[in-house]
Structure formats: C-alpha cells, structure tokens
Amino acid sequence: MHRPQVQGCASKHTRCVMRLAARTRPTLPPRATSLDITRARDISDGMLYITHRLRIRPRAGEAVSTPRQKPQALVTTRHPQTSVTAQKGHAMRLTIETMTYGPDGLARTPEGKAVFVAGGLIGDTVEARICEDGPSFSRAVVEEVLEPSPDRVQPPCPFIGICGGCPWGGLSPEAQLQAKEETLRSALARIGKFSPEEVDDLMRPIRHAKDAWGYRNKIELAPVHENGKFRLGMHGRDASQIIKVDSCPLFEKKHAKAVKAVAGALGFLGNSRDLQLERVGIRSSRRTGALEVALWTPTGAFPRAQVSRVLSDAVRATSVVRVMSKGEKRARRVSGVEALTGEGSWAEKIGDETMRLSAPSFFQVNTRAAEILIDLVMEALDPQPHELGIDLYCGAGTFTLPLARRCEFVSAVESYGPAVRDLRRNLDIANITNVDVIGGDAVREFPDEDADVLVVDPPRAGLAPEAIDLIASTSARDVAYVSCDPATLARDLRRFVEEGTFRPVWATPVDLFPQTFHCETVVRLTRA
C-alpha cells in the first residue's frame, strides 16, 4: 500500500499523530480490523487531505456493514517544514490493558515495559509502531487493529484521532465510565497512599448526565493562515495542528450549524482584512436559547461595523463581543470586553438559578452534569439556615448562589476580575444580599470570618499547602472539595489526613466530559 508522506512536523509526537491520521484512523467500529487510504495527497502549504474507507472483516455468518461518515479531514500544521517520511521503528503486537489519564491506551511489552499507545482502546489487540523509546516507557501509534475490543463503538465524529476534542470517542460509554472510576481509584492508592480498603470505603459510583454527545455549551475555534488564506478550525490532537470542521457533535445541538456559519463568515472577512483574531469562542444554551460569539483580539483598531454586519447575516447570535487582551503570549490578560451586537453576555439556567457570564469567565461546559456537582456539594455540606459558609475559588457563583440560599452568610473568594464582576451581577439578578464578595487570591484574601461549611473548587494544580492550613484553622465541620484532577486531589487528601483536622468520607466522580479522559470529583471531608 502506498503510504503518503506528510508535511514535516515539529516533534516526534506530531509525527506519530500525523501517521495515525494518515494510516489508521483509530475510530474503527467493532470488528473493524484494517483501514484503507483511498485518497491521500500532499499540499505544498502543509495541509493534508485524507479520505478513508473502513474495511471490516465480519465474523462467520455476519453481513459486511460499512458505516457512512463524512470522511474528509483537513489538517493544517502551524510550522510546515521539509517533507519527511514517517519515523521508522519497531512494530509490535500489543494488547491494551487499560486507559491512561490521557488520550492513549496502556500496554506492556513481554518484558513488562509500559507502552503508551495512540489510537489503542482498552481490550484492543493491535500492531503498533514505536515512535518514541525511553528508558522507562515507550510511545507507539496503532498501525492496525488486529482484534478490536468489544468496547469499541462507531462514533458520530469522523475526526477522532486527529482532532483533540474527543480522544475516547471510539470507546463505549460504559467502558469510559469504568475507566474514569479506575483512574480515580488508582490515584487515591498510588498518590494518596490510601489502602485498598480505604479506597473501597471512599469510592462511590460515578455519576453522569444523560447526553454523551451534544452536551458542550462552549467550543473554541483557532485561527490559522496558510498560503495567504485565513481559516478557522479546531485544535488538533497535536497543538501545532488546526483541523477544519463544519460541525462538532460534542457541541450543543440547538446551535449545531453555528460552527460552520461563524467559521465561514469570519474566514470570508479575514481574507479581506487583518482581524488579528487569537481565538473565537461560541457559547450556546438549550435552556435560554442564548448564543454568544466571542472574538479574542489584541487591543487596538478593529473593524467593528464590518464584523458585526457579517456575523449578523451568518448567525442569529444573542450576543457578539470582542475580548481584548494584552501582554506576553504566555501571560495574556484581559484588558476589556466590548459588545459589538446584542446583550454583551451569555445567559444560562443552572439548577434554580439563571446566571449571566461574560466571555472571559469560566463556566462548566456541561450544564446538566454541573448540576450534579451542585447537588453533591450541597449533600456534602448539608448547610443550615443559621450557619456561615465560605466558597473558595468561587468563579461566577455556581456554588455560591445555592449555598447563600441555604446559609445565613457566605464569604466568596475569587481572584479573576471578570468572574468577580459576573458574581456580583449574578447576586443582583438573584436578589441575594447575604454574600461578601472578596476579590483576590484564596490564600492572601482568606476570609476573616469563621465558617461552619466550606467549599473549594481549585484549578487543576489543586490546593497550596498554605490553603490547606487555612482551611484547617477554621471551625468548619465539613468541607466539599471539587476537583478536576485526580492526581492533585489525591495529594491534597493525603495532606488533609496528615494535617489531622479533616478526613475524607466519600468521593464521587462525575463525568462532565464524555468522550474524553477528563473527570470531575466531589469529596466530602469532615472534621476528624
């Protein structure tokens, strides 16, 4: 079989991903054992068009069935180099034992060495070629699925393995949930140093919302220039790649056509003038009907009237805003938000509240699953009308609002300016007056008031040791810890145990991000 060369990539990992895109497509349905490349050609500007045809070897007595899907993928690399052949390496037959906290499956060589396999799913037997060989582990990419896992399914997205949005999309929902539970269990044991009996006592079954696809209320598009032309696409599995797509099956179905409409309108306009776009965010709500398009640009001149007119013709957005940022690339900060058309913010109904969010503010991308987080936090704290509460890393108020409705008074701490302003606005909308909003770092601005209950929802890095000490210094009877990273959660739980003030009672994983390896967890800690 002819194996097409691809435009040069910036790293070994990129070469592995491009090889996977060009040779295997890791989204084979059950019983699919190989993949044909029916059309592949190099484009001088660094773009590779690929058309795939699945060849399925049926079991005895089964009819051959080839699922129909949009087969064409457009991959753009940001840094085209000289064409190179895919890296030659040793091909191995491997069986995927488990999923990692990442997009890859984990296999082991006969000698026991760990191999992270791109395109492999738990239960697969594959032929994979080593693309990176280190002293303690190797990385490989699937060349052929020899024996597909019974947990493989045919996903609705043809870009799995190329786009970075849904790396587990070929794995059944049941297998995804089981893998996420196992990831948390493993972290509690390895990093948290909890015994198997303690892990069993802590773990509760994973919770999830109904929708496994079409759940995201937000997606982002990235700009790229190639051969003098401007386009928008989605980030590839490798950061140097931008994938041109017309729709995303993860995105809210109510506004499914908005992706193509916005990308097309801005692509048209961007080819006649320099928009200086850094990224484009699209937020959609099935509950309020709100649709916001946010254009992230540097400060300075901007064709406001033309952009407003073109986007208004392309999509019925309730809000189009420009988010202006400045500073070094790795430390960009928002300097202002201006409304180009519409309301200037995005509205979402979550639980009993209706919240308004400015484009820079964080909000969970899965609204229905976020309501499960709220329920678990309230269960963990069981706040009473006479009690005082603290909400650290409170954002725009996802937990602050329901906590304030149950407590006598709440101190809410948030360091990000746009979120602080949104929180104050949401409190006004809800007519809630028993909250002290504190803008600043959770450690430096830790509330002077004591608390009976406390919720923390830190970033991926988890809690600083100083934050754990401050939490321990309060009189709080219970703490609800909301985590987006099992490793830092396990580390922090061990710190709480060693500090001696709080002990974990239960941990409930919540699948906010189906088709990915990410998972949230709510832990109840009570005074030891």
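Above this text sits the structure in question.
Procedures and definitions
Residues numbered from 1 in each chain as written. Predicted model: local features only at pLDDT ≥ 70, side-chain atom pairs only at ≥ 80, totals over all residues. Heavy atoms only, no water. Helix = DSSP H or I, 4+ residues; strand = E, 2+ residues; numbered from the N terminus. Buried < 20%, exposed > 50% of the residue type's maximum accessible area, 1.4 Å probe, protein only. Contact = heavy atoms within 4.5 Å. Areas by Shrake-Rupley, 256 points an atom, 1.4 Å probe, with all protein chains shown as cover. Pairing = 2+ DSSP bridges. Right-handed = clockwise from strand over helix to strand, strands pointing away. 1 Å grid on protein atoms, 1.4 Å probe; cavity = no way out; pocket = protein on both sides within 12 Å on 5 of 7 lines; lining within 4 Å. Points joined across faces, edges and corners; volume = space filled by probe spheres on them. Nonpolar A, V, L, I, M, F, W, Y, C, P; charged D, E, K, R; others polar. Axes fitted to C-alpha atoms, helices over the stretch in contact; angles between N-to-C directions. Parallel < 35°, antiparallel > 145°, perpendicular 65-115°, else oblique. Left-handed = near helix turned anticlockwise from the far one by under 90°. Phe/Tyr/Trp six-rings, centres within 6.5 Å; stacked < 30°, edge-to-face > 60°. Lys NZ or Arg CZ within 6 Å of the ring centre and 35° of its normal. Core = buried A, V, L, I, M, F, W, Y, C linked by side-chain atoms within 4.5 Å. Salt bridge = Lys/Arg side-chain N within 4 Å of Asp/Glu carboxyl O.

Engineer: How do you make sense of the overall build of the protein chain when you look at a structure like this?
Structural biologist: Counting its secondary structure elements, the protein chain contains ten helices and 28 strands. Looking at the protein chain as a whole, 56% of its 528 residues qualify as buried. Across the protein chain, every contact between residues at least 6 apart in sequence was considered, and the portion connecting residues at least 24 apart equals 65%. Carbon together with sulfur atoms contributes 49% to the accessible area of the protein chain, which is approximately 22,700 Å² in total.

Engineer: Could you clarify how one ought to interpret the sheet that holds strand 8 (residues 105-108) in this entry?
Structural biologist: Either a parallel or an antiparallel arrangement is found when strands of a sheet pair, and the pairing is made through backbone hydrogen bonds. An order of 6-10-11-9-8-7 is seen for the six strands of this open sheet, with the pairing classed as mixed. Each having just a single partner strand, strand 6 (91-95) and strand 7 (98-99) make up the two edges of the open sheet.

Engineer: Explanation requested: unusual backbone geometry in the structure shown.
Structural biologist: Leave glycine aside and you will find that most residues have negative phi; peptide bonds, for their part, are mostly trans. The phi dihedral of Lys-193 is positive, around 60 degrees, even though this residue is not glycine. Tracing the sequence through the fold places Lys-193 in the loop between helix 2 (173-190) and helix 3 (196-202). Under the relative-accessibility criterion, Lys-193 is labelled exposed at 59%. With a phi angle near 60 degrees, Asn-431 is a residue other than glycine that sits in the positive phi range. Secondary-structure assignment places Asn-431 in the loop between helix 8 (417-430) and strand 24 (435-439).

Engineer: How do you make sense of the pairing of strand 23 (residues 409-414) when you look at a structure like this?
Structural biologist: The side chains of a regular strand alternate between both faces of the sheet. The element strand 23 is largely enclosed, with a buried count of five among its six residues. Pairing of strand 22 (residues 388-392) with strand 23 involves five bridges; the strand directions are parallel. Across the sheet, residue Gly-389 finds its bridge partner in strand 23, namely Val-410. As judged from the five bridges shared by strand 23 and strand 24, these two strands associate in the parallel manner. Of the residues in strand 24, the one forming a bridge with Ser-411 is Asp-436. In this view, the connection linking strand 23 to its parallel neighbour strand 24 by way of helix 8 has right-handed handedness.

Engineer: What should I look at first to understand empty space enclosed by the protein in this one?
Structural biologist: Empty pockets left among the atoms are what a rolling probe the size of a water molecule brings to light. Scanning the model with the defined rule gives six cavities of 30 Å³ or more in all. Taken as a whole, the largest cavity encloses approximately 130 Å³ of empty space. Along the walls of the largest cavity sit 13 residues, with Tyr-215, Glu-252, Arg-286, Thr-367 and Arg-368 positioned nearest its centre. For the lining of the largest cavity, the per-class residue count stands at two nonpolar, five polar and six charged.

Engineer: How do you make sense of the side chain of Thr-183 when you look at a structure like this?
Structural biologist: Examined against the element boundaries, Thr-183 turns out to sit in helix 2. For Thr-183, a relative accessible area of 15% corresponds to the buried category. Excluding residues that lie within four positions of it along the chain, Thr-183 makes contacts with Tyr-101 and Pro-486.

Engineer: What should I look at first to understand the packing of helix 9 (residues 465-473) against helix 10 (residues 486-499) in this one?
Structural biologist: When two helices pack together, you describe them by how their axes are tilted relative to each other and by the distance separating the axes. Direction vectors running N to C along helix 9 and helix 10 enclose 45 degrees, while the axes themselves pass 11 Å from each other. Between helix 9 and helix 10, the crossing angle belongs to the class labelled oblique. Between helix 9 and helix 10 lies a crossing whose hand is right-handed. Two secondary-structure elements touch here, helix 9 through Pro-465, Ile-468, Asp-469, Ile-471 and Ala-472 and helix 10 through Asp-492, Arg-495, Phe-496 and Glu-499. Considered class by class, the residues forming the contact of helix 9 with helix 10 number five nonpolar, no polar and four charged.

Engineer: I keep staring at the packing of aromatic side chains and nothing clicks. Help me out?
Structural biologist: The geometry of an aromatic ring pair is captured by two quantities: the separation of the ring centres and the angle between the planes. As enumerated under the stated definition, the model contains four aromatic pairs in all. Consider the rings of Trp-346 and Phe-363, whose centres lie 5.9 Å apart with planes at 70 degrees: the pair is edge-to-face. Of this pair, Trp-346 sits in strand 20 (residues 346-350) while Phe-363 sits in the loop between strand 21 (353-357) and helix 6 (367-381); the two residues are 17 residues apart in sequence, bridging distant segments of the chain. Judged by relative accessible area, Phe-363 falls into the buried class, the value being 4%. Note on Phe-496 and Phe-502: the rings are 6.2 Å apart at their centroids and 90 degrees apart in plane angle, and the pair reads as edge-to-face. Positioned above the aromatic ring of Phe-116, the side-chain terminus of Arg-139 is 5.2 Å from the ring centre. Across from the ring centre of Phe-194, 4.6 Å away, lies the NZ or CZ of Arg-494, which sits over that ring.

Engineer: Looking at this structure, how should I read the sheet that holds strand 12 (residues 207-208)?
Structural biologist: The strand order across the open sheet built from eight strands is 12-27-28-26-25-22-23-24, with neighbouring strands paired in mixed fashion. Whereas interior strands pair on both sides, the edge strands pair on one side only; in this sheet they are strand 12 and strand 24. When strand 25 (residues 453-456) meets strand 26 (residues 478-483), the two strands line up parallel, connected through four bridges. Residue pairing for strand 26: Val-456 is matched across the bridge by Tyr-481. Helix-sheet contacts for helix 2 involve strand 12, strand 27 (502-511) and strand 28 (520-527), and the interaxial angle to strand 27 is about 155 degrees. Packed onto the sheet, helix 6 meets strand 12, strand 25, strand 26, strand 27 and strand 28 and runs at close to 165 degrees relative to strand 27.

Engineer: For this particular structure, what's the right way to read the nonpolar core?
Structural biologist: Note on soluble globular proteins: their nonpolar side chains tend to be buried together. Membership of the largest hydrophobic core comes to 82 residues, with the highest contact counts inside it found for Leu-266, Val-280, Leu-295, Val-307, Leu-311 and Val-377. A per-element tally of this core places helix 6 first, with ten residues. If we skip the residues at most four places from it in the chain, Leu-266 touches Phe-230, Leu-232, Leu-275, Leu-277, Val-280, Leu-295, Val-307 and Leu-311. Phe-446, Leu-454, Leu-463 and Leu-489 belong to the second largest nonpolar core, which has 31 residues in total.

Engineer: Hey, could you run me through the pattern of salt bridges in this one?
Structural biologist: Between side chains of opposite charge, pairing is possible as soon as their charged atoms come close. For the structure on display, the rule yields 29 salt bridges. Between Asp-133 and Lys-113 there is a salt bridge whose closest N-O contact spans 2.6 Å. Of the two residues, Asp-133 is situated in strand 10 (residues 125-133) and Lys-113 in the loop between strand 8 and strand 9 (114-118); the sequence distance between them amounts to 20 residues. Of the residues examined, Asp-133 reaches a relative accessible area of 58% and is grouped as exposed. One connected set of salt bridges, linked through shared partners, spans Asp-211, Glu-252, Arg-286 and Arg-368.

Engineer: Would you take a moment to explain the pairing of strand 28 for this structure?
Structural biologist: Burial within strand 28 is extensive, with six of its eight residues counted as buried. Sheet topology places strand 26 next to strand 28; six bridges connect them, and they run antiparallel. Bridge pairing in strand 28 links Ala-480 to Arg-524. As paired strands, strand 27 and strand 28 are joined by eight bridges and run antiparallel to one another. The residue of strand 28 that forms the bridge with Pro-509 is Thr-521.

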